[in-house]
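# Examination of the molecular architecture
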Amino acid sequence: MKKILAILSGLLLVSFLVSAEPTEVKLWHYFSGPDAPWFEKVVSDFNASQTKVKVTSQMVPREELLKQYTIGLVGGNLPDIGMVDNPEHASFSAMGLFLDISDRMKGWEGDGKFFKGPWKSCVYQGKVYGIPHNSNCLALYYNTDMLKAAGVTPPTTWDELTAACKKLTKPGVYGLAICGIGNEEGTFQFLPWILSSGATVEKMDSPESIKSLTYLTDLIKKGYMSSEVINWTQADAEKQFATGRAAMMVNGPWNLSAVKTDAPSMNWNLTKIPKDKVYASVLGGENFGIIYNSKHANEAWEFLKYMSLPNVMESFAMAAGKFPPRSDVMNNSKYWKSDPLLKVFAEQMEFAMPRGPHPKWPEISSAIFTAYQESFTMTKSPTQALKDAQKKIDKALVK
Amino acid sequence: MSKAHVRNGEGLSGYFFVLPAVIFMVAFIGYPIIYNFVMSFQKVDIMTLKSATREFIGLANFREIFSAPELAISIGNTVMYTAGCLVIQFVIGFLLAVFFNLGFGFQEKLRGLMTVAWMIPSTVVALLFKFMLSPSSGIINYLLVATGVVKEPIGWLISQKTALWGVIFANSWIGIPFNMILLSTGLTSIPGELYESASIDGASSIRKFTSITVPLLKPAIYSVLVLGFIYTFKVFDLIYVMTNGGPVHATEVLSTYAYKLSFVMYRFSEGAAAANVLFVCLFVVGLGYLKLIREGEEIQS
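Residues numbered from 1 in each chain as written. Chains lettered and ligands numbered in written order. Predicted model: local features only at pLDDT ≥ 70, side-chain atom pairs only at ≥ 80, totals over all residues.

## Points about the overall build of chain B
Each helix and strand counted, chain B has 13 helices and zero strands in total. In chain B, the succession of helices and strands from N to C terminus is α-α-α-α-α-α-α-α-α-α-α-α-α. Relative to the globule expectation of 19 Å for 301 residues, the C-alpha radius of gyration of chain B, 24 Å, shows a markedly less compact shape. With respect to the three principal axes, the spread of C-alpha positions in chain B is 85 × 75 × 30 Å. Residues counted as buried form 33% of the 301 residues belonging to chain B. The contacts of chain B with a sequence gap of at least 6 include a subset with a gap of at least 24, amounting to 70%. (Helix = DSSP H or I, 4+ residues; strand = E, 2+ residues; numbered from the N terminus. Rg over C-alpha atoms; globule rule 2.2 N^0.38 Å. Buried ≥ 20, exposed ≤ 12 C-beta atoms within 10 Å, placed from the backbone. Contact = placed C-beta atoms within 7 Å.)

## Thoughts on the sheet that holds strand β12 (residues 284–290) of chain A
All names here are of chain A. The five strands are arranged β2-β1-β3-β12-β6 in an open sheet whose pairing can be described as mixed. Among the strands making up the open sheet, the edge pair consists of β2 (53–59) and β6 (131–136). Between one strand axis and the next, the sheet turns by 20° as a mean value, whatever way the strands run. By the bridge criterion, five bridges tie β6 to β12 in an arrangement that is antiparallel. By the bridge assignment for β12, Asn 134 is matched with Glu 286. Packing of helix α13 (residues 297–307) onto the sheet brings it into contact with β1 (23–29), β2, β3 (81–85), β6 and β12, and relative to β12 it is tilted by some 150°. (Pairing = 2+ DSSP bridges. Axes fitted to C-alpha atoms, helices over the stretch in contact; angles between N-to-C directions.)

## Concerning unusual backbone geometry
Negative phi values dominate among residues other than glycine, just as trans dominates among peptide bonds. In the segment running from Gly 356 of chain A into Pro 357 of chain A, the intervening peptide bond is cis, with an omega of -5°. One can find Pro 357 of chain A in the loop between β13 (352–353) and α18 (361–376). Residue His 249 of chain B is not a glycine yet carries a positive backbone phi of 65°. Residue position: His 249 of chain B is located in the loop between α11 (237–242) and α12 (254–263). One non-glycine residue, Tyr 266 of chain B, lies in the positive phi region at around 60°. You can see Tyr 266 of chain B is positioned in the loop between α12 and α13 (268–300).

## A look at the domain arrangement of chain B
All names here are of chain B. Its domain assignment divides chain B into domain 1 (1–39) and domain 2 (69–300). Summarising the inter-unit geometry, the C-alpha centres of domain 1 and domain 2 are found 34 Å apart. Contacts between the two partners involve four residues from domain 1 and, on the opposite side, six residues from domain 2. When grouped by side-chain class, the residues that make up the side of domain 1 that touches domain 2 number three nonpolar, one polar and no charged. (Domains from an automatic or database assignment. Nonpolar A, V, L, I, M, F, W, Y, C, P; charged D, E, K, R; others polar.)

## What to know about the domain arrangement of chain A
Residues and elements named next belong to chain A. Domain boundaries assigned for chain A yield domain 1 (2–136 + 284–353) and domain 2 (139–282 + 360–398). Its C-alpha centre places domain 1 at a distance of 32 Å from the equivalent point of domain 2. Among the elements of the structure, α4 (86–95), α17 (340–350) and β13 are those that each provide at least two residues to the side of domain 1 that touches domain 2. Residue contributions to the side of domain 1 that touches domain 2 peak at six residues, all from α17.

## What to know about helix α8 (residues 163–188) of chain B
Residue and element names in this part refer to chain B. End to end, α8 covers 38 Å across 26 residues, agreeing with the expected 38 Å (1.5 Å per residue, within 8%). Residue Ile 174 marks the point of greatest curvature in α8, where the axis turns by about 30°; the proline Pro 177 follows within four residues. For α8, the buried fraction is high: 19 of the 26 residues fall into the buried class. (Expected span 1.5 Å × (residues − 1). Bend = angle between axes of the 7 residues up to and from the residue.)

## Focus on the sheet that holds strand β8 (residues 174–177) of chain A
Within a sheet, neighbouring strands are paired by backbone hydrogen bonds and run either parallel or antiparallel to one another. All names here are of chain A. Within the open sheet, the four strands sit side by side as β8-β9-β7-β10. Their pairing is mixed. The open sheet has two free edges, formed respectively by β8 and β10 (268–271), since each of these has just one partner strand. Ignoring strand direction, the axes of neighbouring strands in this sheet form an average angle of 20°. Pairing analysis gives four bridges linking strand β7 (residues 139–143) to strand β9 (residues 246–251), with the strands arranged antiparallel. Each bridged residue has a counterpart across the sheet, and for Tyr 141 the counterpart in β9 is Met 249.

## Quick notes on the interface of chain B and chain A
Taken residue by residue, the interface counts 18 residues in chain B and 23 residues in chain A. Grouping the constituent residues of the side of chain B that touches chain A by class yields 12 nonpolar, five polar and one charged.

## Comments concerning the environment of Gln 68 of chain A
Residues and elements named next belong to chain A. Within the secondary structure, Gln 68 sits in helix α3 (residues 62–73). C-beta crowding within 10 Å serves as the criterion here: with 19 such atoms nearby, Gln 68 is assigned to the partly exposed category. Sequence separation of Gln 68 and Lys 222 is 154 residues, and the distance between their C-alpha atoms is 42 Å.

## Digging into the environment of Phe 236 of chain B
Residues and elements named next belong to chain B. For Phe 236, the location among the structural elements is in the loop between α10 (205–233) and α11. Distance from Phe 236 to Ser 134, taken between C-alpha atoms, is 21 Å for residues 102 residues apart in sequence. In this structure, Phe 236 is in contact with Ser 255 and Thr 256, ignoring residues within four places of it in sequence.

## Regarding the pairing of β3 of chain A
Residue and element names in this part refer to chain A. Of all five residues that make up β3, five are buried, and the element is covered over most of its length. Side chains of β3 alternate between two faces, with Ile 81, Met 83 and Asp 85 and Gly 82 and Val 84 buried alike. In this sheet, β3 lies alongside β1 in parallel orientation, the contact comprising two bridges. When the bridges of β3 are listed, Trp 28 appears paired with Gly 82. In this sheet, β12 lies alongside β3 in antiparallel orientation, the contact comprising five bridges. Within the sheet, the bridge partner assigned to Met 83 lies in β12 and is Phe 288.

## Observations concerning helix α8 (residues 158–168) of chain A
Count 3.6 residues to each turn of an α-helix, and residues three or four apart come out pointing the same way. Residue and element names in this part refer to chain A. Residues of α8 that are buried include every one of Trp 158, Leu 161, Ala 164, Cys 165 and Leu 168, and no others. What you see down the axis of α8 is that its buried residues fit within an arc of 120°, all on one side. Each element contacted by the buried residues of α8 is listed here: α7 (144–150), β8, α10 (207–221) and β9. (Arc of directions from axis to C-beta.)

Next up, the structure:
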C-alpha cells in the first residue's frame, strides 16, 4: 500500500511539474529590419512578466508569410498568432484566417481607443479580427546641403517640386527617388500622389488620377527621377538618397535610422510630401490577430493585450520608428510632438488614408501598380493605363 | 515448382521492392498534381478557400485566364525564353565541350572550374546579374560604355524591350556548363579508333564531325536538350528575383503568372488553371522524350 501511495504521489508530482510548464504560443511576424530586435524585446518581456504563457516568435519574410497563411488554411501548419499588413487584413478575415475577437474586445480597456484608420482595417462585416500594432505613413526626405547649393527651399507644391528637381538634377544625381516597384509597397508610395490631386481609389480613371500619373511620368521623362524606380523598393530608394544619388526621396519613419546609419555625416531633413490640391499621405502598419483554429486562443489574447498596453506600445513604436495606433498613447506622449523629424510624420499621420479596407484590395492594388508601371515604362499613356486599371478594378469588385 | 511459378514469385517481390518508390511518388508528386487539377475546375477564391465543399464551375477558370491578355503574353515569353536559352547554352556548351575535348594540359581543372556557375543557387545568380545589369552601377554597362560599344548605359532589366534578354543571359550563364558537361561525357565515350580509321580513309575534320561526332552524340544531345527544356520552361526563382515578371509583364512567364494569380491576387483556382497549362506543356515534352529514348534503345539493340 505504501509503495502504491509513493508511486501515486510521485506521479502526481510529475504531472504537477508538467502542468506548471508554460503554455507555448506560436507567433509569426515579418519584422526583419531595425524594428526586429525591438519586437523580440516585447516578446521576451512578456514571457518574463508571467509564468503561464510562453510566446515563441518566428520571422517569416512578408510575401512568404502571406503565402504560408493561405496554404495553412487549406490544411497545414499555422501559428496561434499571426501578423498581417493592414491593407491585406480584410482579405484574410474574409478567408477565415483570424478568430472573431469581438466579444473579447468588450470590457477590455483598449476598446475604442484606436485611431479609426488602423482600427477599421481589423474589422470585417462588423466583426473584429485583430488589433492594430503599429502605424506609419510617408513624408519627403531632402538633402539640406544639396538644396542649399542649388538655391532651392524645400518644395511644398508639385510645381515647386518640379522646379526644385530641375535645379537639383545633375550627372549622377536625380532630383527625386520613390519606390515604384510592382507590388503593394509601390502602391503604398503611389497613392499619396493620386490623393493629393483630389482623386479617389474608387475612380482611377478620373481626370484627377490621370493628372497625378502624368505628373510622375513627366518627372521620369524629364530625367528628374530615374526610370529605375520601377525596380526599387523603399529600402533601395533609401540607399539612393543616403549615397547622394538622389537629392530627395519619399519614405517612411522606419527608414529614419537607416539614413542616420548609412549617411552619418549627411545633412538632411523632412517635410510633407508636396501637394497638388491637398496634402496627402497613406497609412501603413501592421495588425496582429489570433488564428482561427488556435488551441491557445486565451493565452494568445493575453499577449495581444500585453502588446497593446500603452507603455509597451509606446516604447516599441519609439524604438522601431513607428507610430502607436492608439490615440491615447499618441496624445499622452510628448515624443512624437517634440522630435523635429517625427513631428513631420505626426502631421502627415493626421491625413494618412488607409488602403481599403476591402477583401479584394490585393486585386485593386495589383491593377494600380500595373497602371503606373505601364506609364513609367512608357508602355501606355497615363490615360490608357488608368482606364485599363479601372476596368480591372470594376471586374474584381463585381466578382 | 514449375518455372512459371518462380517467375510469378519474382514478379511479386519485384513489385514489393518498388512499392516504397511508388508510395513516395503518389504521395508527394501525384497528390499535388491531382489536387491542383481538381482545383482548376472549382471556384476557389478569398471567400471559398476554407469552405469544406467547393463548387465545380467547369471550364470557367480556364475561360477567365484565356480571355485575359496576360496568359498569352506569359506563354509567348515562356516560349521565347526557353528557345533563347536553349539555343545559346547549347551552341556555346557544345563548342566548349569540343574545345575541352582537344586534350591540352589542364582541361580537367578548367572544366571543373566552369561548372561552378551551375552549382551556384539560381537566386544568387539572379541577384548577381541584377546588380551587373543595372544601368547606374552595373559592371556590364560600365564595360560597354568604357569600350565605346554604347554611349548611354542600357537599362537592361528596366526596358520592356531588353528585360527578357537580360534574364535569358543570366540563365544561359547557368545552363552553359550543364550542357558542356553532358556533351563532354558523350564526346569522351566515342572511341578514338573511329576518328583514326576515318583519318586513314581521308575524311576531313568537318566530315568526321558530321558523320561520327554528331550521330554518336545523338543520345547525349537529346537528353541535354530535353532536360534543358524542362529546366528552362518551368523557370521561377531566377525571374522572380531578377524582375518579378516585370517591367509590366515583359518577363512574365507561366510560373510567375500562376504564382501571382494564386498568392498576390488570391484567385487560387485561376492560378491552378494557369499552373495546369504549364504542366500540360511539360507533360507533352516529357512523353516525347520517353518515346525518343525508347526508339534510341531499339536502334541500339
